[in-house]
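# Close look at the chain arrangement
Residues per chain are reported as follows:
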Amino acid sequence: MRDIEEIKNLKEIFNDHIYSVIKYGFGKRNFLVVVNDMDIPYMMKIRPYIRRIRKQKNILILTKENVSKKNIGVDFLNIKLTSVVIYGQDIFKGASIDTLRLKRQIKYEANRILVNLRNEILDTGWKRSLKDILFSVIPRVLPLIVAHLYVLGEKIPNAIPDTINRYVKHNSDALVLLKIRKDISQKEVEILLKDSMVFLEKLVDL
């Protein structure tokens, strides 16, 4: 019933532009709305509604042309593997995935995250801010873990801890992610940041 109401609301906003509505992510909490086209006048028209929706939920808007069915990368793979079409067509149907290309992208993205983490640590002025940086590690690396599990031929679980646990069987350095929790001391934060960077360094050398 709730999905029906969501679709009705989205159709009222997008009119006849909708190609499909997809729920994705762990727990299927995110929405992907694929539209047939989206020029500037149309974007200006729907902008107030989208801003209002985004205060309550995560919603991503794409056009059909944004999703290439050839060699899907890490981001779209994460959506595809956790997606459920609740209205319209499956934008990912018939998509091809080049595992070798995907592996190269995992290494590239791991290096990019590593560079950014180091610089954020250098930029922060307060030790307590290091905890925020540490907490950002899991959402940053989770898409890479999902992609690597796919490359390894593993089924993706429907919960984040289960996904990390499954990945630990292939990469013991990922254990650091299971140690990140809210009630950690400042000393633990620094140790876990160090271990997180070791994990990323080894992922770069995948």
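Here goes a summary of the coordinates provided. (Residues numbered from 1 in each chain as written. Predicted model: local features only at pLDDT ≥ 70, side-chain atom pairs only at ≥ 80, totals over all residues. Heavy atoms only, no water.)

Moving on, we get to the overall build of the chain. A count of helices and strands for the chain gives 9 helices and 4 strands. Traced from its N-terminal end to its C-terminal end, the chain shows the element sequence α-β-β-α-β-α-β-α-α-α-α-α-α. Overall, the C-alpha framework of the chain stretches about 55 × 40 × 35 Å when taken along its three principal axes. The 206 residues of the chain split such that 41% are buried. Long-range pairs, those at least 24 residues apart, make up 66% of the contacts in the chain between residues at least 6 apart in sequence. Total accessible area computed for the chain in this model is approximately 12100 Å², and 50% of it derives from carbon and sulfur atoms. Side chains of the chain give 37 positive and 24 negative charges; the mean places of these two sets differ by 2 Å. (Helix = DSSP H or I, 4+ residues; strand = E, 2+ residues; numbered from the N terminus. Buried < 20%, exposed > 50% of the residue type's maximum accessible area, 1.4 Å probe, protein only. Contact = heavy atoms within 4.5 Å. Areas by Shrake-Rupley, 256 points an atom, 1.4 Å probe, with all protein chains shown as cover. Lys, Arg positive; Asp, Glu negative; His and termini not counted. Charge placed at Lys NZ, Arg CZ, Asp CG, Glu CD.)

Below, the discussion takes up the packing of helix 6 (residues 137-151) against helix 9 (residues 186-204). Two numbers describe a pair of packed helices, the interaxial angle and the distance between the axes. One way to put it is that helix 6 packs onto helix 9 with a least axis distance of 12 Å and a crossing angle of 30°. The orientation of helix 6 relative to helix 9 falls into the category roughly parallel. As helix 6 runs across helix 9, the sense of the crossing is left-handed. Contacts between helix 6 and helix 9 involve Val 137, Val 141, Leu 144, Ile 145 and His 148 on the former and, on the latter, Ser 196, Phe 199, Leu 200 and Leu 203. When grouped by side-chain class, the residues that make up the contact of helix 6 with helix 9 number 7 nonpolar, 2 polar and no charged. (Axes fitted to C-alpha atoms, helices over the stretch in contact; angles between N-to-C directions. Parallel < 35°, antiparallel > 145°, perpendicular 65-115°, else oblique. Left-handed = near helix turned anticlockwise from the far one by under 90°. Nonpolar A, V, L, I, M, F, W, Y, C, P; charged D, E, K, R; others polar.)

The next subject is the sheet that holds strand 3 (residues 59-63). Read from one edge to the other, the open sheet built from 4 strands follows the order 3-2-1-4, with strand pairing classed as mixed. For this open sheet the edge positions go to strand 3 and strand 4 (84-88), each flanked by a neighbour on one side alone. Strand-to-strand twist across the sheet, computed as the mean angle between neighbouring axes with direction ignored, equals 20°. Direction of pairing for strand 1 (residues 18-24) relative to strand 2 (residues 30-35): antiparallel, over a ladder of 6 bridges. The partner of Ile 18 across the bridge, within strand 2, is Val 35. (Pairing = 2+ DSSP bridges.)

Take a nonpolar patch on the surface next. On the surface, a cluster of nonpolar side chains totalling about 290 Å² of accessible area is made up of Ile 40, Met 43 and Met 44. Along the chain, Met 43 falls in helix 2 (residues 40-54). (Patch = residues over 30% accessible without salt bridge, like charges linked within 9 Å, V, L, I, M, F, W, Y side chains within 5 Å. Salt bridge = Lys/Arg side-chain N within 4 Å of Asp/Glu carboxyl O.)

Where helix 4 (residues 99-123) contacts helix 6, the axes come no closer than 10 Å and their chain directions differ by 165°. Classified by the interaxial angle, the pair formed by helix 4 and helix 6 is roughly antiparallel. Pair helix 4 / helix 6 crosses with left-handed handedness. Of the residues in helix 6, those touching helix 4 at Thr 99, Leu 102, Ile 106, Glu 109, Ala 110, Ile 113, Asn 116, Leu 117 and Glu 120 are Val 137, Arg 140, Val 141, Leu 144, Ala 147, His 148, Tyr 150 and Val 151. In terms of residue class, the contact of helix 4 with helix 6 is built from 11 nonpolar, 3 polar and 3 charged.

To continue, consider the side chain of Thr 163. For Thr 163, the position within the fold is in helix 7 (residues 160-168). Among the residues examined, Thr 163 registers a relative accessible area of 0% and is labelled buried. Residues contacting Thr 163, with those up to four places away along its chain left out, are Phe 26, Leu 142, Ile 145, Val 146, Leu 149, Ile 156 and Pro 157.

Here the focus is the pairing of strand 1. For strand 1, the buried fraction is high: 6 of the 7 residues fall into the buried class. Where strand 1 folds back on strand 2, the antiparallel hairpin that results is connected by 5 residues, among which Gly 25 adopts a positive phi of roughly 95°. Where strand 1 lies against strand 4, 4 bridges are found, and the strand directions are antiparallel. Residue Val 21 lies in a different strand from strand 4, and its bridge partner there is Tyr 87.

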